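Architecture and fold: a report
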Amino acid sequence: MIQINRQRLLERFLKYVQVGTTANPKSDQYPSTECQRDLGKILAQELVDMGASDVRQDEHGLVYATIPSNVKADHAPVVALLAHVDTSPDAPGHSVRPQVIESYPGGNIPLESGEVITPDACPDLKELVGKTLITTDGTTLLGGDDKAGVAIIAELAQTLLENPQLLHGDLKVVFTCDEEIGHGTDKIDLQALAADVAYTLDGGGEGIIDVETFSADGATVKFIGDSIHPAIAKDRMINALRGAADFIAALPRETDTPETTAGRQGFIHANTIVGQVAEVTVDLILRSFDTDDLGGYADQLRKIAAQVESDWPGLKVVVEVRKQYRNLGEGLANLPQSIDLAVKAFKNLGRPFKKEIIRGGTDGSVLTEKGLPTPNLSSGQHNIHSVREFACLDEMVAATEHLVELLKLWSDERL
Ligand SMILES: [Zn+2]
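Following Tyr-30, the chain continues into Pro-31 via a peptide bond in cis, with omega recorded as -5 degrees. Mapped onto the fold, Pro-31 is located in the loop between helix H1 (6-17) and helix H2 (35-50). A cis geometry characterises the amide bond from Asp-145 onward to Asp-146, with omega recorded as 15 degrees. Within the secondary structure, Asp-146 sits in helix H3 (residues 144-162).

Overall, antiparallel pairing links the four strands, which are arranged S12-S13-S11-S14 in an open sheet. Strands with a single pairing partner mark the edges of an open sheet, and in this sheet they are strand S12 (267-275) and strand S14 (316-325). Mean inter-strand twist for the sheet, computed between neighbouring axes without regard to direction, equals 20 degrees. The pairing of strand S11 (residues 215-224) with S14 spans nine bridges and is antiparallel. The partner of Val-221 across the bridge, within S14, is Val-319. Helix H5 (residues 240-250) contacts S11, S12 and strand S13 (279-288) of the sheet and is inclined by roughly 20 degrees relative to S13. Sheet strands in contact with helix H6 (residues 291-311) are S11, S12, S13 and S14, and its direction is about 155 degrees off that of S13.

So, on to the nonpolar core. By size, the foremost hydrophobic cluster in this structure holds 78 residues, and its most contacted members are Phe-13, Leu-47, Leu-81, Phe-175, Tyr-199 and Leu-406. A per-element tally of this core places helix H10 (residues 393-411) first, with ten residues. Those residues in contact with Phe-175 that sit more than four places away from it in its chain are Leu-43, Leu-47, Leu-62, Val-63, Ala-83, Val-85, Val-150, Ile-153 and Ala-154. Membership of the second largest hydrophobic core comes to 22 residues, among which are Ile-238, Val-280, Leu-284 and Ala-298.

What follows covers the environment of Gln-300. Here Gln-300 lies in helix H6. With relative accessibility at 32%, the residue Gln-300 sits in the partly exposed group. Counting along the chain gives 50 residues from Gln-300 to Ala-250, while the straight-line C-alpha distance between them is 9.9 Å. Apart from residues no more than four positions distant in its own chain, Gln-300 is found in contact with Pro-252 and Ile-268.

Right, let's talk about the coordination of the zinc ion for a bit. Summarising the metal site, the zinc ion is bound by the protein donors His-84 (NE2), Asp-145 (OD), Asp-202 (OD) and Asp-202 (OD), whose distances to it range over 1.9 to 2.4 Å. Given four donor atoms and angles of 55 to 146 degrees at the metal, the environment of the zinc ion is assigned as irregular. Going along the chain, you hit the donors of the zinc ion in the pattern H-x60-D-x56-D. Here Asp-202 lies in strand S9 (residues 197-204) and Asp-145 lies in helix H3, a separation of 57 residues in the sequence. By the burial criterion, Asp-145 is buried, and Asp-202 matches it.

The terminal C-alpha atoms of H10, which comprises 19 residues, lie 27 Å apart, in line with the 27 Å expected from a rise of 1.5 Å per residue. Counting buried positions over the 19 residues of H10 gives 17, a clear majority of the element.

Turning to the pattern of salt bridges, a few remarks are in order. Applying the stated criterion across every chain yields a total of 19 salt bridges. Ionic pairing is found between Lys-234 and Asp-235, a salt bridge with its closest N-O pair at 3.3 Å. Using a relative accessible area of 73% as the deciding quantity, one classes Asp-235 as exposed.

Another aspect to go through is the packing of aromatic side chains. Per the stated rule, a full pass over the model turns up four aromatic pairs. When the ring centre of Phe-289 is taken as reference, the NZ or CZ atom of Arg-264 above it lies at 5.1 Å.

This part is about the domain arrangement of the protein chain. Accessible area lost when the parts come together is the quantity often used to give the size of an interface. Under the domain assignment, the protein chain is made up of domain 1 (6-213 + 327-411) and domain 2 (216-324). In this structure, domain 1 and domain 2 have C-alpha centres spaced 38 Å apart. Both sides together, the interface formed by domain 1 and domain 2 hides about 730 Å², and carbon and sulfur atoms give 39% of it. Interface area lost by domain 1 to domain 2 is led by Ile-357, Arg-359 and Glu-369, which between them contribute 62%. Taken together, the connections running from domain 1 to domain 2 amount to two salt bridges.

Definitions and cut-offs
Residues numbered from 1 in each chain as written. Predicted model: local features only at pLDDT ≥ 70, side-chain atom pairs only at ≥ 80, totals over all residues. Heavy atoms only, no water. Helix = DSSP H or I, 4+ residues; strand = E, 2+ residues; numbered from the N terminus. Pairing = 2+ DSSP bridges. Axes fitted to C-alpha atoms, helices over the stretch in contact; angles between N-to-C directions. Contact = heavy atoms within 4.5 Å. Core = buried A, V, L, I, M, F, W, Y, C linked by side-chain atoms within 4.5 Å. Buried < 20%, exposed > 50% of the residue type's maximum accessible area, 1.4 Å probe, protein only. Donors = N, O, S within 2.8 Å, 3.2 Å for Na, K, Ca; no water. Tetrahedral: all angles 85-135°; square planar, octahedral: opposite > 155°, others 65-115°. Expected span 1.5 Å × (residues − 1). Salt bridge = Lys/Arg side-chain N within 4 Å of Asp/Glu carboxyl O. Phe/Tyr/Trp six-rings, centres within 6.5 Å; stacked < 30°, edge-to-face > 60°. Lys NZ or Arg CZ within 6 Å of the ring centre and 35° of its normal. Domains from an automatic or database assignment. Buried area = accessible area lost by both parts, 1.4 Å probe.

What follows is the structure, given as structure tokens:
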């Protein structure tokens, strides 16, 4: 097996995490923060320096490059690898001071700020004794989500360019922006990318293939009442708040809520309410691994809305449901090799692996639905979106080795 340059991978990662790239959900720019472009610029230059082809940072800040095929047959499928440069706005992400722990001895990891990473709160740690971990000083997140993925892909690209004996078809590298605020795929030009299959390197730990996500719809329910001074309101006021309160009270409570479900169970979740007497808006999300269930949830909302309307004469209730994303598994079924070859690569390396389902969406859910099958793979992230975030270098090395093997398998595959 090829030796991955562990030290160089670590240095890459440390460099990337020190470039603050926090996404801003309130921004109406793309990318939402200019600093994301700064990391993209560094990455594009590194790709040029290592000899990658077609390197460009587009007007949206996304970075693209190609590592050209080195197999004779010209039909090898084109594989794209994606990672996002932005970090979550849920924790401070600038002035990151990474701390490297060589050969983690086990037990608590005290951080400079007084924060402590404990095996109790993070059971993954028990499996990582003896490994190299990277934490922060406890005042910021680390940004291993997803700079671990970025570093893995960049190191893989350089490894392939330096080792022409490693076989692969055309490899497309894509570094994206604003994944953390739900805009990771907005600007990806799939036509130009022309890939047959893709993988996001944005998963936790090691050896996990995310093969399913929720299917997701959003719903907005508007309650339109009639406001008038309370002093003269008799038989005239129609209080939208009353209807909205009844509506929320009538939603499922013992089942089908985020608070009462796990695993493959879906839910209806009321997450925002805004309004006054004249008008109230309730926003909800509908989630299920079975897309057909979403229609059932939408029907429930409409039924409750109709009941509220008849209980409060004069009140108007308008339900609007919109599609968000679809279970990754539905689209992956069109290209079973996207999972099978990832599994085979783990087996060829003699490594354990797990297929998992995500109670959420990934950029891959959207890309897969648009026609590019995109499972998600582990990249050594842990405790993400937190000042107790850490990453594991050994897991990042393992992910890079897995990709080398996976690309070799794809270079032999014909679609
Ligand atoms: Zn991520």
